[in-house]
Amino acid sequence: MTGFDIFAIAFLLLVIVTLFAGVKTVPQGYDWTIERFGKYTRTLSPGLNIIVPYFDRVGRKMNMMEQVISIPEQEVITKDNATVTVDGVAFYQVFDAAKASYEVSNLDQAIIVLTMTNIRSVMGSMDLDQVLSHRDEINERLLRVVDAAVSPWGLKVNRIEIKDIVPPADLVEAMGRQMKAERVKRADILQAEGQRQSEILRAEGAKQGQILQAEGRKEAAFRDAEARERSAEAEAKATQMVSDAISKGDVAALNYFIADKYIKAFGQLAESPNQKILMLPIEATSILGSLAGIGEIAKATFGDAATAAAAARRGSVPSTGPATPPPPPSPSPFSPQR
């Protein structure tokens, strides 16, 4: 092999190496910066790119996808001098590869330190109760401050989340006792309120019951008065009829009136619960005489038609002997003595 052949082979290899050095393939989700003699010139986007070999070189390969970074634990003193341990996560995305490459050194460490500093600043201006209950507000304030701080670096902070807020053990125990006391207080208040409402309802029920009872007694008294009024009117009317009959010379009506009162009085004596033995100081013939007087009144009232109907009913029964006229009625004990 001559020297010319060796030169040709070396030149061919140099051309091939140069071609490979000038062709760059950037993967999706990344941007590469190009430096010429150590100075930034341009940024390669994903895909096939051509550079000037031996003069240009790849500077930084920046990840343009959204990334997450953990914020380590740190102790924070709140406004009311309570010490809590806090950690979190941050989500950011590079939108300018050149700035992220040449405006800040060690990008991840810068984001971590900046976030931790602002966590101490934000949470240190709040009380412990606010720190424990206003986590969304803390995240929002941190995001606003950190995003404004990293904007010159070509970054966009999308979210900052506080993961854990751990108070000291003695403080947790005190909070537990406080929560228990608060719940007991609420339970006592609710129980007292329930008893108060129950007493009110019972009083209202008793009031309504008394009102209804009073209305019932009022209605009953009204009905009793009305019944006594009707009874008095009937009694007066009966007395007037008897008086009219007496004035016309009908003594049987008076006998009926007195006999009716007499029998009712003895009926009330017989129905008395304390009465065990009833002795009647009257004779059966006297009562029969009174009944005969009542029969005479009925005969005078209804006339001979009732007498004929009664006779027809008696005539339907065969008699065994000659008809005997009824004995004359015995005088009533209530008849006036002539």
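Below is a short write-up of the structure.

What counts, and at which threshold
Residues numbered from 1 in each chain as written. Predicted model: local features only at pLDDT ≥ 70, side-chain atom pairs only at ≥ 80, totals over all residues. Heavy atoms only, no water. Helix = DSSP H or I, 4+ residues; strand = E, 2+ residues; numbered from the N terminus. Pairing = 2+ DSSP bridges. Axes fitted to C-alpha atoms, helices over the stretch in contact; angles between N-to-C directions. Contact = heavy atoms within 4.5 Å. Phe/Tyr/Trp six-rings, centres within 6.5 Å; stacked < 30°, edge-to-face > 60°. Buried < 20%, exposed > 50% of the residue type's maximum accessible area, 1.4 Å probe, protein only. Lys NZ or Arg CZ within 6 Å of the ring centre and 35° of its normal.

We now examine unusual backbone geometry. If you check the backbone angles, Asn81 has positive phi at about 65° while not being a glycine. On the secondary structure map, Asn81 appears in the loop between strand S6 (67-77) and strand S7 (83-94). In the Ramachandran plot, Asn106 falls in the positive-phi region, its phi being about 55° despite a non-glycine side chain. Positionally, Asn106 belongs in the loop between helix H2 (97-102) and helix H3 (107-124).

It is worth spelling out the sheet that holds strand S8 (residues 155-166) at this point. Strand order across the open sheet formed by three strands is S6-S7-S8, with antiparallel pairing between neighbours. Each edge of the open sheet is held by one strand with a lone partner, namely S6 and S8. Ignoring strand direction, the axes of neighbouring strands in this sheet form an average angle of 20°. Relative to S8, S7 is paired through 10 bridges, and the arrangement is antiparallel. What sits directly across from Val94, in S8, is Leu155. Across the sheet, H3 is in contact with S6, S7 and S8; its angle to S6 comes to roughly 40°.

Bringing the packing of aromatic side chains into the picture now. The way to describe two aromatic rings as a pair is by their centre distance and the angle between their planes. According to the stated counting rule, one finds two aromatic pairs in the structure shown. Ring geometry for Phe37 against Phe55: centres 5.7 Å apart, planes inclined by 80°, an arrangement best described as edge-to-face. With Phe37 in the loop between strand S2 (30-36) and strand S3 (39-44) and Phe55 in the loop between strand S4 (47-50) and strand S5 (56-63), this pair connects stretches of sequence that are 18 residues apart. Here Phe37 falls in the exposed class, since its relative accessible area comes to 67%. A centroid spacing of 5.6 Å and a plane angle of 50° characterise the contact between Tyr40 and Tyr102, whose relative ring orientation is tilted. With a gap of 62 residues between them, Tyr40 in strand S3 and Tyr102 in helix H2 connect regions that are remote in the sequence. On the basis of relative accessible area, Tyr40 is assigned to the partly exposed category, the value being 31%. Tyr102 gets classed as partly exposed once you look at its relative accessible area, which sits at 34%. When the ring centre of Phe91 is taken as origin, the NZ or CZ atom of Arg159, which lies over that ring, is 4.3 Å away.

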